[in-house]
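Listed below, chain by chain, are the residues.
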Amino acid sequence: MKVGDIVRLKKGHHLQEFIQGNCIVDDHNHNSYYVKYHIKTLDGKNCMTWVHSWDVEMVSEIRQQKLEKLGI
């Protein structure tokens, strides 16, 4: 992932109650063990948090999977 990518929290994530819908990757923090991404909502409510890459899924990947299922 990189800054500017559109993502959403995976189903069942504990923050999904507060951060719903699509978010944009705003910043990233490289650690020696993992990378954390700062995301914020696109709906104007300015909800934001830091997440790990395994906590979110990219909207472009979801779209691609749906197109493959349809045979497009």
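Everything numeric in this text was worked out from a predicted model, so none of it was measured.

### Section: the confidence of the model for the protein
Phase 1 of the analysis: Summary statistics for the protein give a mean pLDDT of 89 and a share of 100% for residues scoring 70 or more.
Phase 2 of the analysis: Mean pLDDT across the elements of the protein ranges from a minimum in helix H1 (residues 59–70), with 86, to a maximum in strand S3 (residues 35–41), with 93.

### Quick look at the environment of Ile19
Phase 1 of the analysis: Structurally, Ile19 can be placed in the loop between strand S1 (6–9) and strand S2 (23–30).
Phase 2 of the analysis: What Ile19 contacts, discounting residues up to four positions off in sequence, is Leu9, Thr41, Cys47, Met48 and Thr49.

### Here we look at the pairing of S3
Phase 1 of the analysis: In terms of strand pairing, S2 meets S3 through 7 bridges, oriented antiparallel. Across the sheet, His28 pairs through a bridge with Tyr37, a residue of S3.
Phase 2 of the analysis: Hairpin remark: S2 followed by S3, antiparallel, with 4 residues in the connecting loop.
Phase 3 of the analysis: Relative to strand S4 (residues 48–52), S3 runs antiparallel, the two sharing 5 bridges. Directly across from Ile39, in S4, lies its bridge partner Thr49.
Phase 4 of the analysis: Between S3 and S4, which follow one another and run antiparallel, lie 6 residues, and Gly44 among them has a positive phi close to 90 degrees.

### Quick look at the pattern of salt bridges
Phase 1 of the analysis: Throughout the structure, instances matching the rule amount to 1 salt bridge.
Phase 2 of the analysis: The salt bridge partner of Lys40 is Asp26, with a shortest N-O separation of 3.4 Å. In this pair, Lys40 is assigned in strand S3 and Asp26 in strand S2, connecting sequence segments 14 residues apart.
Phase 3 of the analysis: Judged by its relative accessible area of 29%, Lys40 falls in the partly exposed class.

### Points about the sheet that holds S1
Phase 1 of the analysis: Reading across from one edge, S4-S3-S2-S1-S5 is the order of the 5 strands in this open sheet, with antiparallel pairing throughout. Edge positions in the sheet fall to S4 and strand S5 (56–58), since each has one partner strand and no second. Ignoring which end each strand starts from, the neighbouring axes of this sheet average 45 degrees apart.
Phase 2 of the analysis: Strand direction decides the pairing type here: S1 and S5, joined by 3 bridges, are antiparallel. Of the residues in S5, the one forming a bridge with Val7 is Met58.

Basis of the calculations
Residues numbered from 1 in each chain as written. Predicted model: local features only at pLDDT ≥ 70, side-chain atom pairs only at ≥ 80, totals over all residues. Heavy atoms only, no water. pLDDT = per-residue confidence, 0-100. Helix = DSSP H or I, 4+ residues; strand = E, 2+ residues; numbered from the N terminus. Contact = heavy atoms within 4.5 Å. Pairing = 2+ DSSP bridges. Salt bridge = Lys/Arg side-chain N within 4 Å of Asp/Glu carboxyl O. Buried < 20%, exposed > 50% of the residue type's maximum accessible area, 1.4 Å probe, protein only. Axes fitted to C-alpha atoms, helices over the stretch in contact; angles between N-to-C directions.

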